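Summary of structural features
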Number of protein chains: 2
Amino acid sequence: MGRAVTLGDVSRHVGLSVATVSRVLSGSPRVRQATRDQVLRAADELGYSANLSARALKTQRTDMLGVVFPDINNEFYRELLTGINDEAHAAGRHLMVEFGPGPRWQSLRPQDYLFGGRIDALILLNLGLPMDFLRDLAGRGTPLVLMDRPAPGVPAATVRLENVAGADAAMSHLLEHGYRRIAVLRGPGDSYDANERWRGCERALRRFGVELDHNLIWEAGFYEAYAYTATQRWLADHDAPEAILALNDAMAIGALHALREHGLSVPQDVALVGFDDVDCAKHLGLTTVHCPIRQMGQAAARAALNLMATDEPAAFYREEVLDTHLIVRTSCGCVPDDNPISQRPPINAVSRLEKKHARPVRPEV
Amino acid sequence: MGRAVTLGDVSRHVGLSVATVSRVLSGSPRVRQATRDQVLRAADELGYSANLSARALKTQRTDMLGVVFPDINNEFYRELLTGINDEAHAAGRHLMVEFGPGPRWQSLRPQDYLFGGRIDALILLNLGLPMDFLRDLAGRGTPLVLMDRPAPGVPAATVRLENVAGADAAMSHLLEHGYRRIAVLRGPGDSYDANERWRGCERALRRFGVELDHNLIWEAGFYEAYAYTATQRWLADHDAPEAILALNDAMAIGALHALREHGLSVPQDVALVGFDDVDCAKHLGLTTVHCPIRQMGQAAARAALNLMATDEPAAFYREEVLDTHLIVRTSCGCVPDDNPISQRPPINAVSRLEKKHARPVRPEV
DNA sequence: TAAACTGATGTAAACGTTTTCACTGCGGTT
DNA sequence: AACCGCAGTGAAAACGTTTACATCAGTTTA
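Residues numbered from 1 in each chain as written. Chains lettered and ligands numbered in written order. Predicted model: local features only at pLDDT ≥ 70, side-chain atom pairs only at ≥ 80, totals over all residues. Heavy atoms only, no water.

Below, the discussion takes up the protein's contact with DNA strand C. Near DNA strand C you find 25 residues, and of these Thr 20 and Thr 35 of chain A together with Leu 7, Ser 22 and Arg 55 of chain B are the closest. Backbone atoms, meaning sugar plus phosphate, form 62% of the atoms of DNA strand C positioned within 4 Å of the protein. At 2.8 Å from a base nitrogen of DNA strand C is found a side-chain nitrogen or oxygen belonging to Arg 23 of chain A. Take Gln 60 of chain A: an N or O atom from its side chain is 3.5 Å from a sugar or linking oxygen of DNA strand C. Where the surface near DNA strand C is concerned, the elements lending two or more residues are helix H2 (18–25) and helix H4 (52–59) of chain A together with helix H2 (18–25) and helix H4 (52–59) of chain B. In the surface near DNA strand C, the residues fall into 9 nonpolar, 9 polar and 7 charged. (Near = heavy atom within 4 Å. Polar contact = N/O pair within 3.5 Å; in protein donor to acceptor, adjacent residues only side chain to side chain. Helix = DSSP H or I, 4+ residues; strand = E, 2+ residues; numbered from the N terminus. Nonpolar A, V, L, I, M, F, W, Y, C, P; charged D, E, K, R; others polar.)

Below, the structure written as structure tokens:
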């Protein structure tokens with residue numbers, strides 16, 4: 001139950017000054033070998049472990065990277081986090097993560113994002129913060145890395161996805177299938193990502209000479225539930241489109257549920273394509289745009305570490321853009337040859353109508 | 001770029017002592033209103049934010065909860081984390097999370113789990129740590145909460161799931177379906193969870209008078225890949241069982257993929273039941289045992305906060321067990337009436353044989 | 001042999017807080 | 001008039017480190 005063992009305890013135990021003990025423990029060369037051994041033995045014996053608050057206070061370094069996310073219940077962010085964590089660990093750094101509740105973060109001042117000085121660098125996920133806010137934040141001496149949204153004029157490194165090309169590829173694929181009445185489930189207009197992805201769609205449509213039907217652009221929050229209602233509402237009094245391009249996978253899943261409830265099959269009745277390639281997409285057979293999310297996290301962490309190590313002003317405006325590409329599975333109507341797992345429907349359950357009142361039976365093997 | 005604003009800066013700015021400024025900022029009543037206003041204005045103007053390392057050093061409190069996980073790429077743990085986070089936030093605390101790489105943590109000493117004194121309490125997920133290790137850890141003055149595994153004799157609060165009853169329910173359900181040749185995909189023998197869940201299976205089998213076939217007990221790591229190979233290997237030279245009970249959802253998904261590759265449908269050819277009720281289970285229509293994972297996280301955080309506030313020795317041995325229950329979807333062969341979304345297969349893609357060489361066509365709406 | 005260097009250690013200041021204690025006026029009791 | 005209490009404030013110590021500087025013994029060098 002006692003309080004933690006300090007340097008003082010160790011020094012008293014071996015009859016040396018705290019300075020010497022500190023030197024041993026931080027690997028300074030200016031110590032006799034015998035002394036070193038003696039100190040290490042004592043430290044081990046007493047179960048010493050450095051007080052990192054004290055160290056941080058003195059050295060002004062914490063070996064921590066701060067990460068702020070809107071939400072952890074989102075596979076995209078979690079995968080990103082894994083990437084950041086991997087890279088941070090490899091460099092002997094640890095993470096200080098703060099995930100949502102998003103709105104709360106919006107009401108904070110720049111300095112509140114700095115974890116009270118407990119971090120050496122900050123990685124931010126697009127939280128919809130205004131540019132001058134970011135500029136203020138970036139000017140406070142803690143290196144800043146932004147993900148997903150470029151911030152011109154802000155001295156912060158940026159890492160983001162090639163959203164335009166990805167969306168273009170997805171839309172082009174549907175157009176090559178021959179579909180023309182294609183609904184687009186796009187994210188909110190104030191999201192940079194959402195706008196970029198939509199730009200990709202537009203580009204493909206223009207290239208194919210398809211004129212766009214504004215009724216088929218469904219704007220919704222980037223979450224399953226919103227997409228579900230949006231699709232639901234449309235289907236209530238319109239014919240289903242030939243295809244739906246959802247600009248993230250969560251929305252694709254929402255649309256899928258709505259389609260099912262209207263008795264529509266994917267891809268026979270309506271083709272469906274997503275964006276992100278979250279884990280579940282593989283199991284569902286969802287054709288989607290693969291994003292190297294984990295690598296993006298790693299890149300962000302590397303950028304942060306790099307910023308901590310350099311004074312080079314150019315580094316503070318570096319921008320890294322990661323490639324995306326389409327993964328063809330079954331939901332678009334293709335039956336690809338190169339991905340055996342997704343060639344079949346996930347669970348071939350009997351339909352409700354056929355078996356509603358049937359008793360469970362032992363199936364033949 | 002400058003260094004952060006300190007109390008000293010603020011005090012100099014207003015011509016008062018740091019003591020007074022500190023008092024204002026920590027809400028002490030012994031300050032004149034005029035002074036208070038003046039200080040707050042100055043602090044705001046200068047963008048002051050307290051150095052938490054210094055505060056922690058002085059007060060010996062950090063308002064941080066430490067959490068150690070084997071792995072973040074696991075929906076079970078992530079959901080748990082969300083619960084912990086919610087509860088911690090509600091109490092004005094923050095989290096310091098360390099996830100994997102598991103094996104690295106195994107090689108650390110007890111004091112290395114304490115985040116260098118940067119946490120006020122520690123929540124541990126079963127990392128396979130030996131009892132005397134836990135006892136040492138618990139004796140170091142930082143309140144300890146263990147999840148998933150009771151640790152008799154260790155002064156730590158425990159929160160875990162009712163695994164036995166859950167597994168019993170799942171197995172019973174399959175037995176009520178009439179299945180008798182039921183394979184069990186169980187977790188590793190050194191996992192407490194795995195053993196508990198297996199005990200539940202045994203109990204149900206015994207109650208139904210079914211004698212167990214040791215060939216049908218497949219032991220594998222709690223991950224998709226292991227379950228996939230285990231199932232794969234069995235199907236290579238045996239008849240498929242009538243049903244598979246996977247003792248976590250990741251394993252169920254692994255088994256599902258293996259079954260598909262052997263051309264077997266779920267549930268027509270083989271029934272499948274999982275355990276955990278991860279998010280994806282809903283989309284897949286997987287019948288599984290629902291675990292209140294988030295609530296478990298909340299309970300753990302509450303236990304930690306409680307331990308920090310009390311000296312009551314009994315609290316340090318408190319054990320909380322959360323209920324589980326079966327969620328019936330389609331994968332077991334039932335077609336439940338109460339869950340419209342899961343009554344249909346996730347994506348009704350055409351089978352490979354039918355359409356392999358077909359050109360994409362515009363489907364009729 | 002004195003001066004200069006070297007290697008090992010100790011001393012003490014500093015990092016930014018919080019908090020105990022002491023001090024100063026000042027109004028109200030005896 | 002001497003006393004007390006009290007509200008408001010400041011001085012200073014402490015938390016556990018790291019590190020520049022001082023010390024000191026034992027070399028080496030001139």
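Now that the structure has been shown, the text picks up again.
Here we take up helix H8 (residues 163–176) of chain A. Residues and elements named next belong to chain A. Between its first and last C-alpha atoms H8 spans 20 Å; for 14 residues at 1.5 Å apiece the expected length is 20 Å, and the two agree. Burial of H8 is extensive: 11 of the 14 residues sit out of reach of the surface. Within H8 the residues assigned to the buried category are Asn 163, Val 164, Gly 166, Ala 167, Asp 168, Ala 170, Met 171, Ser 172, His 173, Leu 174 and Leu 175. Two to three positions downstream of the cap, the backbone nitrogen of Val 164 sits 3.3 Å from a side-chain oxygen, assigning the N-cap of H8 to Glu 162. Positive backbone phi, at 105°, marks Gly 178, one or two positions downstream of H8. (Expected span 1.5 Å × (residues − 1). Buried < 20%, exposed > 50% of the residue type's maximum accessible area, 1.4 Å probe, protein only.)

Residue and element names in this part refer to chain B. With respect to the secondary-structure elements, Arg 199 resides in helix H9 (residues 192–207). Note on Arg 199: relative accessible area 45%, which makes it partly exposed. Sequence separation between Arg 199 and Val 164 is 35 residues, and the spatial gap between their C-alpha atoms is 6.1 Å. Within polar-contact distance, the side chain of Arg 199 engages the side chain of Glu 196 at 2.7 Å.

So, on to the sheet that holds strand S7 (residues 217–219) of chain A. All names here are of chain A. Taken together, 6 strands build an open sheet; the order of strands is S7-S6-S8-S9-S10-S12 and the sheet is mixed. The strands lining the two open edges of the sheet, one partner per strand, are S7 and strand S12 (325–327). The sheet shows a mean angle of 20° between the axes of neighbouring strands, taken without regard to direction. Relative to strand S9 (residues 271–276), strand S8 (residues 243–246) runs parallel, the two being bridged by 3 bridges. In the strand pairing of S9, Ala 243 is matched with Ala 271. Strand contacts of helix H9 (residues 192–207): strand S6 (182–186), S7, S8 and S9, with the helix running at about 165° to S6, the strand carrying the most contacts. (Pairing = 2+ DSSP bridges. Axes fitted to C-alpha atoms, helices over the stretch in contact; angles between N-to-C directions. Contact = heavy atoms within 4.5 Å.)

Neighbouring DNA strand D are 25 residues; Leu 7, Ser 22 and Arg 55 of chain A together with Thr 20 and Thr 35 of chain B lie closest to it. Take the atoms of DNA strand D that sit within 4 Å of the protein: sugar and phosphate atoms are 65% of them. Between a phosphate oxygen of DNA strand D and a side-chain N or O atom of Arg 32 of chain B, the distance comes to 2.9 Å. Lys 58 of chain B is positioned with one of its side-chain polar atoms (N or O) 3.1 Å from a base nitrogen of DNA strand D. Breaking the surface near DNA strand D down by element, the ones donating at least two residues are H2 and H4 of chain A together with H2 and H4 of chain B. Across the surface near DNA strand D, the residue classes tally to 9 nonpolar, 9 polar and 7 charged.

Let us look at the domain arrangement of chain A. All names here are of chain A. You can read the domains of chain A as domain 1 (7–50), domain 2 (62–161 + 293–322) and domain 3 (163–292 + 325–354). Averaged C-alpha coordinates put domain 2 and domain 3 at centres separated by 30 Å. The interface is formed by 15 residues belonging to domain 2 together with 13 residues belonging to domain 3. When the two sides are added together, the surface that domain 2 and domain 3 hide from each other amounts to roughly 1100 Å², 48% of it contributed by carbon and sulfur. Of all residues in domain 2, Glu 75, Leu 161 and Ile 293 bury the most surface against domain 3, accounting for 43% of the area lost on that side. Scanning the region where domain 2 abuts domain 3 turns up 0 salt bridges. Applying the counting criterion to the domain 2 and domain 3 interface returns 5 residue pairs in polar contact (both at pLDDT 80 or more). Elements that contribute at least two residues to the side of domain 2 that touches domain 3 include exactly helix H5 (75–90), strand S5 (157–161) and helix H13 (293–309). In terms of residue count, the dominant contributor to the side of domain 2 that touches domain 3 is H13 (4 residues). Its residues assigned to classes, the side of domain 2 that touches domain 3 comprises 6 nonpolar, 3 polar and 6 charged. (Domains from an automatic or database assignment. Buried area = accessible area lost by both parts, 1.4 Å probe. Salt bridge = Lys/Arg side-chain N within 4 Å of Asp/Glu carboxyl O.)

This paragraph deals with the sheet that holds strand S9 (residues 271–276) of chain B. For sheets, the rule is that strands pair by backbone hydrogen bonds, running either parallel or antiparallel. All names here are of chain B. Read from one edge to the other, the open sheet built from 6 strands follows the order S7-S6-S8-S9-S10-S12, with strand pairing classed as mixed. The open sheet has two edge strands, strand S7 (217–219) and strand S12 (325–327), and neither has a second partner. Neighbour to neighbour, the strand axes of the sheet diverge by 20° on average, direction disregarded. Here 3 bridges tie strand S10 (residues 287–290) to S12, and the two strands are oriented antiparallel to one another. Across the sheet, Val 289 pairs through a bridge with Leu 326, a residue of S12. Across the sheet, helix H11 (residues 249–261) is in contact with strand S6 (182–186), strand S8 (243–246), S9 and S10; its angle to S9 comes to roughly 155°.

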